[in-house]
Amino acid sequence: MTLGCARNEVDSEELAGRLAAQGWSVGDDPEAADVIVVNTCGFVEAAKKDSIDALLAAADVVDGAAGRVVVAVGCMAERYGAELAEALPEARVLGFDDYGAISDRLHDALAGTAHLAHTPRDRRLLLPLTPVDRPGAAADVSVPGHTGRAVDPVADLLSWAGPGSGPRPLRRRLDRGPVAPVKLASGCDRRCSFCAIPSFRGAFLSRPPAEVLEEAAWLAADGVREIVLVSENSTSYGKDLGELRLLERLLPRLAAVDGIGRVRVNYLQPAEMRPSLVEVLTGTPGVAPYFDLSFQHASAGVLRRMRRFGDTEHFLELIESIRARKPRAGIRTNVIVGFPGETEADVAELERFLSAARLDAVGVFGYSDEDGTEAAGFPDKISEAEVRDRVDRVTRLAEQLTEQRAADRVGDLVSVLVESDSGGDYPGAEQYGPAQAEGRADHQAPEVDGAVVLLGAASVGTLVACEVVGNFGVDLVARPVGLIASSGPVAVAGVAR
């Protein structure tokens, strides 16, 4: 059972791969399981509550039966360790250091062997402070999804000659859909005052490019048509390998992997964006012109207290540079309101930015204190009631603006990856007709953005050229007009995008 983000999904599939390689049968029926492994999320309070609820629900399924156990892994288990084990005796708590020996740990749990849950530590201190010194030291540190081998990034990239020429992926798919996340890197070197993630995910560490390419090829052979590169900060990829523009070199190679029709990059830091990356993301066939930019706010004062950079004008300049190259590029963000010391003027500045930016998707979150973060000790806290009011206010504006942006796409030709070939009810069915399939366009990432309802039959896993005929909220209604090759621009009836 996996909770949280796409990075956790990859970690779950790594654990499943390790277990399958050690003779375990990995299934999806908790009633038939000897062990229920819950991959927890420890990001914010709501996510922690969901994780606790999932663990308790799993414990109810096991119900104390001899030879059946519940095991907690993931970010919450790593972040709280022995404290979680004491508060939740129904589950055995394992940290990231246990992943390499996960089979032994589960056998121990079934046998009732005593296990001492770990005492959490700041995982940023496990790797050298200087990024380029980390690859050689990584072999001695357990980082989910990483082999720890040191590489020459350019030679490693060039050495990959196709499927089978790189390291075999240690992964077992738990979702058979045409889209799959691929871990690009782990950890983060930024020190945002509201975020605890680096303390339990560790310092930034890139995966060697040949591993990423081999995993993409393996996924393509399993029917995946879109890979989504995930990390805590994708714009930093390669800095610890001595090649800051490694992502620009990797993306065209990934897009050329046989069977992959679309490559998407998530988690871009605005302060680390560079013209060369904008150029590759907007001009490489098979790479989605999609920018997941975590602005978090637009007021310079709030951003400095967050230990972040930028302001409205700088962010708008970045957006303009993207749209100058690709006017229909997808741009999304998350923002936090109610940060300590945030004033009405700060909220108005955020609203001014959102109104001018015309983004495709905006996630609005209310601030809450996180254990161990700098902001938890800040003065001038905003009351919970006021935070909720500001969330509601900014959310209403964001919904209006993103719906307008979707409406602007009516008449566009878009490429849609089909993820469901069944119809269903949807708002606007009376106006546009029944849905026969559903998918996502270039500007829509899985789960967090909108979708495209298709008014024509299409097979799951195909890329279909579609004309947008309407929208409801951020979702689009489109009519298929042709198929698209596995990569390259849309070209239908003389019309090119």
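Computed from a predicted model, the values in this text were never measured in an experiment.

## Regarding the overall build of the protein
- A tally of regular secondary structure across the protein gives 16 helices and 18 strands.
- Relative to the compact-globule value of 23 Å for 497 residues, the protein shows a C-alpha radius of gyration of 23 Å, a close match.
- Every one of the 497 residues in the protein was classed for burial, and the buried ones make up 55%.
- Put simply, of all contacts in the protein between residues at least 6 apart along the chain, 73% involve residues at least 24 apart.
- Total accessible area computed for the protein in this model is approximately 20,500 Å², and 51% of it derives from carbon and sulfur atoms.
- Of the side-chain charges in the protein, 52 are positive and 74 negative, and the distance between the mean point of each set is 5 Å.

## What to know about helix α13 (residues 312-325)
- Along its 14 residues, α13 runs 20 Å from first to last C-alpha, staying within 8% of the 20 Å computed at 1.5 Å per residue.
- What α13 keeps buried is the set T312, F315, L318, I319, I322 and R323. For α13, the angular spread of buried residues about the axis comes to 135 degrees, placing them on one side. Opposite the buried face of α13, by more than 90 degrees, sit the exposed residues E317, E320 and A324.
- The backbone nitrogen of E313 lies 3.2 Å from a side-chain oxygen of the residue at the head of α13, namely D311.

## Points about the sheet that holds strand β3 (residues 91-93)
- Read across the sheet, three strands follow the order β1-β2-β3 without closing on themselves; strand pairing throughout is parallel. Looking at the sheet topology across the chains shown, the edges are occupied by β1 (35-40) and β3. This sheet shows a mean twist of 30 degrees between the axes of neighbouring strands, independent of strand direction.
- As paired strands, strand β2 (residues 69-74) and β3 are joined by three bridges and run parallel to one another. Each bridged residue has a counterpart across the sheet, and for A72 the counterpart in β3 is V93.
- Strands β1, β2 and β3 of the sheet are contacted by helix α2 (residues 45-62), whose axis makes an angle of about 175 degrees with β1.

## Regarding the nonpolar core
- One finds I227, L229, L251, L254, V263, F291 and L293 to be the most contacted residues of the largest nonpolar core, which totals 71 residues.
- The leading source of residues in this core is helix α9 (residues 209-221), at seven residues.
- Setting aside chain neighbours within four positions, we find L229 in contact with V182, L184, V212, S234, L247, L251, L254, V263, R264, V265 and N266.
- A72, L84, L88 and A117 belong to the second largest nonpolar core, which has 20 residues in total.

## Section: the sheet that holds strand β7 (residues 226-230)
- If you trace the three strands from one edge of the open sheet to the other, you get β4-β7-β8, paired in parallel fashion. Every other strand in the sheet has two partners, leaving β4 (179-183) and β8 (262-265) as the edge strands with one partner each. For this sheet, the mean angle separating the axes of adjacent strands, direction not counted, is 25 degrees.
- As paired elements, β7 and β8 share four bridges and run parallel to each other. By the bridge assignment, E226 is partnered in β8 with R262.
- Across the face of the sheet, helix α1 (residues 6-21) comes into contact with β4 and β7 while running at roughly 85 degrees to β4.
- In this fold α9 packs onto β4 and β7, with an angle of close to 165 degrees to the strand it touches most, β4.

## Things to note about the side chain of E342
- Locating E342 in the fold gives a position in the loop between β10 (330-337) and α14 (344-357).
- A distance of 2.7 Å separates a polar atom in the side chain of E342 from a polar atom in the side chain of H297.
- Reaching out from E342, the side chain makes a polar contact with the backbone nitrogen of G338 at a distance of 2.7 Å.
- Discounting residues that sit within four places of it in the chain, E342 has contacts with H297, V302, R305, I336, V337, V347, I382 and R390.

What counts and what doesn't
- Residues numbered from 1 in each chain as written.
- Predicted model: local features only at pLDDT ≥ 70, side-chain atom pairs only at ≥ 80, totals over all residues.
- Heavy atoms only, no water.
- Helix = DSSP H or I, 4+ residues; strand = E, 2+ residues; numbered from the N terminus.
- Rg over C-alpha atoms; globule rule 2.2 N^0.38 Å.
- Buried < 20%, exposed > 50% of the residue type's maximum accessible area, 1.4 Å probe, protein only.
- Contact = heavy atoms within 4.5 Å.
- Areas by Shrake-Rupley, 256 points an atom, 1.4 Å probe, with all protein chains shown as cover.
- Lys, Arg positive; Asp, Glu negative; His and termini not counted.
- Charge placed at Lys NZ, Arg CZ, Asp CG, Glu CD.
- Expected span 1.5 Å × (residues − 1).
- Arc of directions from axis to C-beta.
- Polar contact = N/O pair within 3.5 Å; in protein donor to acceptor, adjacent residues only side chain to side chain.
- Pairing = 2+ DSSP bridges.
- Axes fitted to C-alpha atoms, helices over the stretch in contact; angles between N-to-C directions.
- Core = buried A, V, L, I, M, F, W, Y, C linked by side-chain atoms within 4.5 Å.

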